Amino acid sequence: KVITILIISILIAGGFYWIFKSANSPKPGQEIADLGRGHVPAETEIKYNSNPPTSGSHEVSWEKSGIYQDPLEDRKLVHSLEHGYIIISYNCLYKTTSDPKDSTPSAKTENDTECKNLVSELTKVAKNQGLKKLIVVPRPNLDNRIALTAWTKLDKFTDFDEKRINTFIQAYWDRGPEKTME
């Protein structure tokens, strides 16, 4: 009986330690100021405070989960974020050089092998997560190769990192300010 009580006490203490550690560990990405979440007509021009945007006014309709071949409208993507989506954006034309001042698009096209591999890896991650409330989309004006967005959260990086992407998804998936039954 004493051994059982001791084991239960250790398990409870371990559980509290894990909860405390999880709650106090730094979250991935950076916090972006919340620009609100009002609905506006489709033709309304909106100025966002990040690229890609993480909050702000948006259209009444939103984009559904999927792997998209063409860029999508920010006004619809922001509405998806409001519903708790994670958006994985990529820019196949982004390049890095040894000169930090030179981050101009390379001459590569979106059909090259490197881009196909990147899209394949991002697609695999999204599908492994069940492709629920996840969007993979090209973003030609992205100033990095990969960006992850959630409501008021942004993480940008150059090299594919499956663990980093999964950590972001686990931290922010379905945590938008508007809960939906999608």
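Note that this is a predicted model, so its numbers are computed, not measured.

*Asks:* Residues and numbers for the pattern of salt bridges, please.
*Replies:* Counting across every chain of the model gives 11 salt bridges. The residue Arg139 makes a salt bridge to Asp74 at a minimum N-O spacing of 2.7 Å. On the criterion of sequence distance, the pair formed by Arg139 in the loop between strand E4 (134–138) and strand E5 (146–150) and Asp74 in helix H2 (residues 74–82) is long-range, its members being 65 residues apart. Two residues, Asp143 and Lys156, come together in a salt bridge whose shortest N-O distance is 2.6 Å. One end of the pair, Asp143, is in the loop between E4 and E5; the other, Lys156, is in strand E6 (residues 153–157), with 13 residues separating them in the sequence. You can call Asp143 partly exposed: its relative accessible area is 42%. Through salt bridges with shared partners, one network takes in Arg37, Glu82 and Glu178.

*Asks:* So what's going on with the state of the cysteines? Which residues, and what values?
*Replies:* Scanning the entire structure with this criterion turns up 1 disulfide. Paired by a disulfide, Cys92 and Cys115 hold their sulfur atoms 1.8 Å apart. With the S-S dihedral at roughly 70°, the linkage between Cys92 and Cys115 falls on the right-handed side. With Cys92 in the loop between strand E3 (86–90) and helix H3 (113–128) and Cys115 in helix H3, this residue pair connects regions lying 23 residues apart in the sequence. Pair check on accessibility: Cys92 and Cys115 agree, each one buried.

*Asks:* Any details on the pairing of E6? Residues and values, ideally.
*Replies:* In terms of residue burial, E6 counts as a mostly covered element, since 4 of its 5 residues are buried. Here strand E1 (residues 30–31) runs beside E6; their pairing, made up of 2 bridges, is antiparallel. Within E6, the position partnered with Gln30 by the bridge is Leu154. In this structure, E5 lies alongside E6, joined through 5 bridges in antiparallel fashion.

*Asks:* Got a sec to walk through the packing of aromatic side chains? Specific residues and values, please.
*Replies:* Inspection of every chain in the model, using the stated rule, returns 1 aromatic pair. Residues Phe168 and Tyr172 carry aromatic rings whose centres are separated by 4.9 Å and whose planes lie at 65° to one another, so their mutual orientation is edge-to-face. Here Phe168 pairs with Tyr172, and both are found in helix H4 (residues 162–172), just 4 residues apart, close to one helical turn. For the residue pair Phe168 and Tyr172, the accessibility class agrees, reading buried in each case.

*Asks:* Describe in detail the sheet that holds E1, supporting the description with residues and values.
*Replies:* Ordered by their spatial adjacency, 6 strands build an open sheet running E1-E6-E5-E3-E4-E2, and the pairing between neighbours is mixed. A single partner strand is all that each edge strand has here, and the edge strands are E1 and strand E2 (66–67). Here H4 sits on the sheet and contacts E3, E4, E5 and E6; the angle it forms with E6, its principal contact strand, is near 180°.

*Asks:* Tell me about a nonpolar patch on the surface, and please be specific about residues and values.
*Replies:* On the surface, a nonpolar cluster with roughly 330 Å² of combined accessible area is contributed by Ile3, Ile7 and Leu11. Position of Ile7 relative to the elements: it lies in helix H1 (residues 2–24). Residue Ile7 is classed as partly exposed on the basis of its relative accessible area, which comes to 46%.

*Asks:* Provide a residue-level description of the environment of Arg75, including the pertinent values.
*Replies:* Topologically, Arg75 is positioned in helix H2. Relative accessible area serves as the criterion here: at 21%, Arg75 is assigned to the partly exposed category. The contacts of Arg75, once residues within four sequence positions are left out, are Ala42, Thr44, Ile46, Tyr48, His58 and Glu59. A distance of 3.3 Å separates the side chain of Arg75 from the backbone oxygen of Thr44, its partner in a polar contact. Within the structure, Arg75 has its side chain in polar contact with the side chain of Glu73 (distance 2.8 Å).

Cut-offs applied
Residues numbered from 1 in each chain as written. Predicted model: local features only at pLDDT ≥ 70, side-chain atom pairs only at ≥ 80, totals over all residues. Heavy atoms only, no water. Salt bridge = Lys/Arg side-chain N within 4 Å of Asp/Glu carboxyl O. Helix = DSSP H or I, 4+ residues; strand = E, 2+ residues; numbered from the N terminus. Buried < 20%, exposed > 50% of the residue type's maximum accessible area, 1.4 Å probe, protein only. Disulfide = S-S within 2.5 Å. Pairing = 2+ DSSP bridges. Phe/Tyr/Trp six-rings, centres within 6.5 Å; stacked < 30°, edge-to-face > 60°. Contact = heavy atoms within 4.5 Å. Axes fitted to C-alpha atoms, helices over the stretch in contact; angles between N-to-C directions. Patch = residues over 30% accessible without salt bridge, like charges linked within 9 Å, V, L, I, M, F, W, Y side chains within 5 Å. Areas by Shrake-Rupley, 256 points an atom, 1.4 Å probe, with all protein chains shown as cover. Polar contact = N/O pair within 3.5 Å; in protein donor to acceptor, adjacent residues only side chain to side chain.

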